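A closer look at the structure
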Amino acid sequence: MKRSRTKALWAIVGLLALNAVLLAAQPGLAFSNGLPNNVAAYLFGPKLVRAEVVLKDGQGLRDYRIDRGVIRATSADSITLRERDMSLVRIEVAADAEITFRGRTVDLRRLRRGMLATVIRDGDAPAIEIRAGR
């Protein structure tokens, strides 16, 4: 029994030492809070098709939906994307949505067919943010 505890303790010490070496060598490889630091970049990077992220804050549960694709069409209050899996999705856009093109605030009318866009909305509500680029 004592021998197995000693082995477990040494295994934990070894893992902590490995984590310290990884942190010193390359911060992106180390673990914090149990997950690699680059998980967000991987999940929300260029391979993203769509995602649903559920968070709990002071107001309760928040269900964010994120869609990424090529703009097929825009209207005064909506955007249509063709996502990487070839599905078409039409998303209503809130009147006060934050819309940016290459980091600059623009009007929805400035977005054109063929641009790449990431759209964020709270559940099934109209989009609250659109980030577009070429």
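This is a predicted model, so every value here is computed, not measured. (Residues numbered from 1 in each chain as written. Predicted model: local features only at pLDDT ≥ 70, side-chain atom pairs only at ≥ 80, totals over all residues. Heavy atoms only, no water.)

**Some remarks on unusual backbone geometry**
Among all residues save glycine, negative phi is the norm, and among peptide bonds the norm is trans. Rules: Here a strand is any run of E in DSSP of at least two residues, a helix any run of H or I of at least four, and the numbering for each starts at the N terminus. Relative accessibility under 20% of the residue-type maximum defines a buried residue, over 50% an exposed one, and the middle range a partly exposed one, all with a 1.4 Å probe and only protein chains included.
Despite not being glycine, methionine 86 shows a phi value in the positive range, around 75 degrees. Mapped onto the elements, methionine 86 comes out in the loop between β5 (78–83) and β6 (88–101). Taking the relative accessible area as the measure of exposure, methionine 86 reaches 57% and is therefore exposed. Of note in the backbone geometry, arginine 102 takes a positive phi value of approximately 55 degrees without being a glycine. Using a relative accessible area of 57% as the deciding quantity, one classes arginine 102 as exposed.

**Considerations on the side chain of glutamate 83**
Here is the rule we go by: Here, residues are in contact when the closest pair of their heavy atoms is within 4.5 Å.
You can see glutamate 83 is positioned in strand β5. Residue classification places glutamate 83 among the buried positions, given a relative accessible area of 1%. Non-local contacts of glutamate 83, meaning those with residues more than four positions away in its chain, are made with Val49, Arg50, Asp67, Arg68, Gly69 and Val89.

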